[in-house]
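Read off the chains here:
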Amino acid sequence: MAPSSRDRISVDLHGLKAALFERAQALGVSPSGLVRTTLAEALVRPDPTDIHRSMPSLKSGTGDRVRLCLRMCREQASATLEGARRAGLNPGDYVGGLVAGVPVLLGAGSRTDHLAALIASTAELSTFSRNLHHLTKLLRQGEFRPAQEYRPMLDTLGADVRSHLALVAGALADLRPRGGTAAASRSANN
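Residues numbered from 1 in each chain as written. Predicted model: local features only at pLDDT ≥ 70, side-chain atom pairs only at ≥ 80, totals over all residues. Heavy atoms only, no water.

Q: Account for the pattern of salt bridges, naming residues and giving values.
A: If you walk through the whole model with that rule in mind, you get two salt bridges. Between Asp155 and Arg151 there is a salt bridge, with its nearest N and O atoms 3.5 Å apart. Remark: Arg151 and Asp155 occur in helix α8 (residues 151–175); sequence separation between them is four residues, near one turn of the helix. Arg151 shares its class with Asp155; the two are exposed. (Salt bridge = Lys/Arg side-chain N within 4 Å of Asp/Glu carboxyl O. Helix = DSSP H or I, 4+ residues; strand = E, 2+ residues; numbered from the N terminus. Buried < 20%, exposed > 50% of the residue type's maximum accessible area, 1.4 Å probe, protein only.)

Laid out in structure tokens, this is it:
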């Protein structure tokens, strides 16, 4: 059998399953946790329950991902999957975002709405850019009368750009983890 990067094996318990589940419940741990601890003791290894030592290292930005299995009731699982679908994220990124305190996932509006507003505002800036380019061309050619049609746009351009920047700053703040979390610290270090 080829080695697995997940450090998983299957074991036939030969009738020990009920006793394993009973003992794990009495200790307040998962059956897998009890098996890992028992194996670690039998193999004279350090405590395997330390999540930082038992999981592969997480290197931000490298694409490394680890599996985390959660037990929850059907209603909670359904709500989690529905929330992830609405946010346009996979369930792992959705739960990670909730833990990291990403405001848009905690009810500060819809992620999709934020992204749509950013796209619309950026498209408007793109139109301003094309208009400024056309205005510059008209002025170079000495066509001042057609250039005067751009006057109303120029009068509001500064406020429009500031409005766009405020929208972008607010949306990006709502789309990233709140300060003080481990995820925010990792992203700030990149």
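Q: Explain the packing of helix α1 (residues 17–27) against helix α2 (residues 31–42) to me, using residue names and the numbers behind them.
A: Helix packing for two helices is described by the angle between their axes and how far apart those axes are. Here α1 crosses α2 at 90°, and the two axes come no closer than 8 Å. Taken together, α1 and α2 sit at an angle that is classed as roughly perpendicular. Residues Leu20, Phe21, Arg23, Ala24 and Leu27 of α1 pack against Pro31, Leu34 and Val35 of α2. By residue class, the composition of the contact of α1 with α2 is seven nonpolar, no polar and one charged. (Axes fitted to C-alpha atoms, helices over the stretch in contact; angles between N-to-C directions. Parallel < 35°, antiparallel > 145°, perpendicular 65-115°, else oblique. Contact = heavy atoms within 4.5 Å. Nonpolar A, V, L, I, M, F, W, Y, C, P; charged D, E, K, R; others polar.)

Q: Just give me the short version of a nonpolar patch on the surface, but keep the residues and values in it.
A: Taken together, Val35, Leu39 and Leu43 make up a surface patch of nonpolar side chains, about 270 Å² in accessible area. Among the secondary structure elements, Leu43 is positioned in the loop between α2 and α3 (51–54). (Patch = residues over 30% accessible without salt bridge, like charges linked within 9 Å, V, L, I, M, F, W, Y side chains within 5 Å. Areas by Shrake-Rupley, 256 points an atom, 1.4 Å probe, with all protein chains shown as cover.)

Q: Before we move on, can you summarise the side chain of Ser121 with the specific residues and values?
A: Relative to the helices and strands, Ser121 resides in helix α6 (residues 111–140). Note on Ser121: relative accessible area 11%, which makes it buried. A polar contact is formed between the side chain of Ser121 and the side chain of His164, at a distance of 2.3 Å. If near-sequence neighbours (up to four positions away) are discounted, Ser121 is found in contact with His164 and Leu167. (Polar contact = N/O pair within 3.5 Å; in protein donor to acceptor, adjacent residues only side chain to side chain.)

Q: Tell me about the packing of helix α4 (residues 74–87) against helix α5 (residues 91–100), residues and numbers included.
A: Where α4 contacts α5, the axes come no closer than 9 Å and their chain directions differ by 95°. Classified by the angle between their axes, α4 and α5 sit roughly perpendicular to one another. Of α5, the residues touching α4 (which contributes Thr80, Leu81, Gly83, Ala84 and Ala87) are Pro91, Tyr94 and Val95. Tallied by class, residues from the contact of α4 with α5 come to six nonpolar, two polar and no charged.

Q: Can you tell me about the nonpolar core, naming the residues and giving the values?
A: Counting residues in hydrophobic clusters, the biggest one holds seven residues: Phe128, Leu135, Leu138, Ala147, Tyr150, Met153 and Leu157. Only α6 and α8 provide two or more residues apiece to this core. Considering every element that reaches this core, the biggest residue donor is α6, with three residues. In this structure Leu157 touches Phe128 and Leu132, once residues within four positions along its chain are discounted. (Core = buried A, V, L, I, M, F, W, Y, C linked by side-chain atoms within 4.5 Å.)

Q: I'd love a proper account of the environment of Pro146, names of residues and values included.
A: Along the chain, the position of Pro146 falls in helix α7 (residues 144–147). By relative accessible area, Pro146 is classed as partly exposed at 30%. Taking the C-alpha atoms as reference points, Pro146 and Leu135, eleven residues apart in sequence, are found 8.5 Å from one another.

The values are spatial; any link to function lies outside them.
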